[in-house]
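# An overview of the molecular structure
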Amino acid sequence: TTSSSTGDTSPQYILRRHISELLGIISDPDKLAVDLWSAGLIPDPVKDNVLTTVGLSRFQKASKLVDEVYRSLKVFNSPDILVKFCEVLNIQHNPGLTRIAD
């Protein structure tokens, strides 16, 4: 368990800590894939894979998208990625997740 080290406030940590809540609010992963791609948060192959893969559940597609955003956070370590992700998800209007958007 980590204490109040820098890891506790990193964008990756914040995203992972709230992963189940995030997955619960993604009702249309196909639309989210396009929105994330439009915001520059996921590359073409990921968007295309989510849109064209047959047989994946909503949860599996949502997981793939959140995992890709997490991967970007690990590579670039930029809070801006998390802020953009929250904007795309419109988290400000979800009371249970507003603490992520802060």
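Let us look at the structure shown here. (Residues numbered from 1 in each chain as written. Predicted model: local features only at pLDDT ≥ 70, side-chain atom pairs only at ≥ 80, totals over all residues. Heavy atoms only, no water.)

### As for the packing of helix α5 (residues 58-76) against helix α6 (residues 79-89)
Where α5 contacts α6, the axes come no closer than 8 Å and their chain directions differ by 155 degrees. With respect to α6, the element α5 is oriented roughly antiparallel. Residues V66, V69, S72, L73 and F76 of α5 form the contact with α6, whose participating residues are I81, L82 and F85. Classifying every residue of the contact of α5 with α6 by side-chain character gives 7 nonpolar, 1 polar and no charged. (Axes fitted to C-alpha atoms, helices over the stretch in contact; angles between N-to-C directions. Helix = DSSP H or I, 4+ residues; strand = E, 2+ residues; numbered from the N terminus. Parallel < 35°, antiparallel > 145°, perpendicular 65-115°, else oblique. Contact = heavy atoms within 4.5 Å. Nonpolar A, V, L, I, M, F, W, Y, C, P; charged D, E, K, R; others polar.)

### Overview of the packing of helix α4 (residues 44-52) against α5
In contact at an axis separation of 10 Å, α4 and α5 are set at 170 degrees when each is read in the N-to-C sense. With respect to their mutual orientation, α4 and α5 come out roughly antiparallel. For the pair α4 and α5, contact is made by V46, N49 and V50 and by K61, K64, L65 and E68, respectively. Classifying every residue of the contact of α4 with α5 gives 3 nonpolar, 1 polar and 3 charged.

### With respect to the pattern of salt bridges
Inspection of the entire model under this criterion finds 5 salt bridges. Note that R16 and D67 form a salt bridge whose closest N and O atoms lie 3.4 Å from each other. Within this pair, whereas R16 is found in helix α1 (residues 11-17), its partner D67 is found in helix α5, the two being separated by 51 residues in sequence. With a relative accessible area of 34%, R16 lands in the partly exposed category. Looking at D67, the relative accessible area reads 39%, which means it is partly exposed. We note a salt bridge from K47 to D48, for which the minimum N-O separation is 3.2 Å. The buried category is assigned to K47, whose relative accessible area is 13%. (Salt bridge = Lys/Arg side-chain N within 4 Å of Asp/Glu carboxyl O. Buried < 20%, exposed > 50% of the residue type's maximum accessible area, 1.4 Å probe, protein only.)

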